[in-house]
Amino acid sequence: MWISVTLQAEANKADALSEALMEAGALSISIEDADAGTEAEKPQFGEPGHHPVGLWDHSRVIALFSADADLTVALAQAAADAGFDAVPPFTLEEVAEQNWVQLTQSQFDPIRITDQMWIVPSWHTAPNPDAINIELDPGMAFGTGSHPTTRLCLEWLCDAVAPGASVLDYGCGSGILGIAAAKLGAADVLGIDIDDKALEAARDNAERNAVTMRLQHSRDTLDAQFDVVVANILTNPLCVLAPLLSARVAPGGRIALSGVLDTQTDQVIAAYAPFIALRVGATHEGWARLEGSRPATGAGKD
């Protein structure tokens, strides 16, 4: 058994308190919004290219201690080290021992994309052995197939990728879209991301799925054109990337963008209008997939 201690802290002291609690013997620390679930809740999820915001004005620091820890001493020491005059208000909760690996794995089942494509965690047996089965476990990089935007892109790839096609997955995350493209018959797949950890995850996942996928950091030059371009990012970076991504679509090629809310489609369509015409191809749970193509004659705009 463990003891979970939840303490209240202002934003300017939450980090210091977290570090002090670890020094005092905490096994793990997390920081949450103390106003979560109320009108004062403040989302912390930014978009690429934007500076991250600070911690919540009212934070909740959660520390996990072993059952035999001397909490009176540990909390008093941590509060003093973090600059508090006294131990801030806190609550205690017993945490029963569990098989955490088994518990986590039980939350992730195979995901059906189409009858012929499934995302299958490594601890599961593929529901349809004859389908295209992508082995992918939850990890640090975005893209496990469960998010609506990932599903929208995978469904599109099932239709867009012809055998021998070249595919660009911009903002590849876990590599799931590039891996799917390769399994669908693409001859050349390039995944690009701004995050080194994502590139590492994509490389590992490609090897696990026995597919070839080239990987490149977004800071490196990108001049080639592709038969299929897919980008599952967010609205603001997609708009900034409009000239670059549009120019990467080969004559006769197709492009799909997701990470776009239903309410943001006009904004993205307008950003791409000088280069390539987009339309809403599908929506799912408030998210949209935008699609476009470049005329095979090369008469489209660059």
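Predicted, not measured: the structure shown is a model, and the values here were computed from it.

Chemist: Looking at this structure, I do not really get the sheet that holds strand β1 (residues 2-10). What am I missing?
Modeler: Here we have four strands laid out as an open sheet, ordered β2-β3-β1-β4, and antiparallel in their pairing. Each end of this open sheet is capped by a strand with a single partner; those strands are β2 (28-33) and β4 (90-95). Direction aside, neighbouring strands of the sheet carry axes that sit 25 degrees apart on average. Relative to strand β3 (residues 58-66), β2 runs antiparallel, the two sharing six bridges. Directly across from Glu32, in β3, lies its bridge partner Arg60. Its contacts with the sheet put helix α1 (residues 11-23) on β1, β2 and β3, and the angle it makes with β1 is roughly 150 degrees. The strands that helix α2 (residues 71-81) touches are β1, β3 and β4; relative to β1, the one it contacts most, it runs at about 25 degrees.

Chemist: I'm lost on the sheet that holds strand β10 (residues 214-217) in this one. Help?
Modeler: Note on sheets: strands pair through backbone hydrogen bonds, and any given pair is parallel or antiparallel. Spatially, β10-β9-β8-β11-β12-β14-β13 is the arrangement adopted by the seven strands of the open sheet, whose pairing is mixed. Looking at which strands have only one partner, the edges of the open sheet turn out to be β10 and β13 (278-284). Neighbour-to-neighbour, the strand axes of the sheet open up by a mean angle of 20 degrees, direction not taken into account. Contacts from helix α9 (residues 265-272) reach β12 (249-261), β13 and β14 (287-293), with the element oriented near 150 degrees to β12.

Chemist: What's the story with the confidence of the model for the protein chain in this structure? I'm lost.
Modeler: Low pLDDT means the predicted atomic positions in that stretch should not be read closely. Predicted confidence across the protein chain gives a mean pLDDT of 86, with 83% of residues reaching 70 or more. Within the model, pLDDT remains below 50 along residues 43-54, and this stretch shows 13 contacts once partners closer than five positions in the same chain are excluded. Here residues 298-302 is modelled with pLDDT under 50, and outside its nearest four sequence neighbours on either side it reaches 10 contacts, counting other chains as well.

Chemist: Help me out: how do you make sense of the packing of helix α4 (residues 148-160) against helix α5 (residues 176-183) in this one?
Modeler: Packed helix pairs are characterised by how far apart their axes lie and by the angle those axes make with each other. Interaxial distance between α4 and α5 falls to 10 Å at its minimum, and their mutual angle equals 20 degrees. On the basis of their axis angle, the class for α4 and α5 is roughly parallel. Here α4 and α5 pass one another in a crossing that is right-handed. Contacts between α4 and α5 involve Thr150, Cys153, Leu154 and Leu157 on the former and, on the latter, Ile176, Leu177 and Ala180.

Chemist: What exactly am I supposed to notice about the pairing of strand β11 (residues 226-232) here?
Modeler: Where a strand is regular, its side chains alternate between the two sheet faces. Counting buried positions along β11 yields six of seven residues, so the element is predominantly enclosed. Relative to β11, strand β8 (residues 166-170) runs parallel, the two sharing four bridges. Looking at β11, one finds that Asp169 is bridged to Val230. Strand direction decides the pairing type here: β11 and β12, joined by six bridges, are parallel. Pairing of Val229 across the sheet is with Ile255, part of β12.

About the criteria used
Every chain's residues receive numbers from 1 upward, in the order its sequence appears when written. Selection of residues for local features in this predicted model requires a pLDDT of at least 70, selection of side-chain atom pairs for listing and counting requires 80 or more, and totals for whole chains, interfaces and linings are taken over all residues. Note: side-chain values were computed over all heavy atoms of the structure, leaving out hydrogens and water. At least two bridges found by DSSP between two strands are what make those strands a pair. Helix and strand definitions here come from DSSP, where helices need a minimum of 4 consecutive H or I residues and strands a minimum of 2 consecutive E residues; each element is numbered from the N-terminal end. Fitting a line to C-alpha atoms yields each axis, with helices limited to the stretch in contact; the angle taken between N-to-C directions then spans 0 to 180 degrees. Here, two residues are considered to be in contact whenever any of their heavy atoms come within 4.5 Å of each other. Within a predicted model, pLDDT stands for the predictor's per-residue confidence, ranging from 0 to 100. To sort the angles, those under 35 degrees are grouped as roughly parallel, those over 145 as roughly antiparallel, those from 65 to 115 as roughly perpendicular, and the leftovers as oblique. Should the near helix be turned counterclockwise from the far one by less than a right angle, the crossing is left-handed, whereas a clockwise turn marks it as right-handed. Exposure is judged per residue with a 1.4 Å probe applied to protein chains only, and the accessible area is read against the type maximum: over 50% gives exposed, under 20% gives buried, and values in between give partly exposed.

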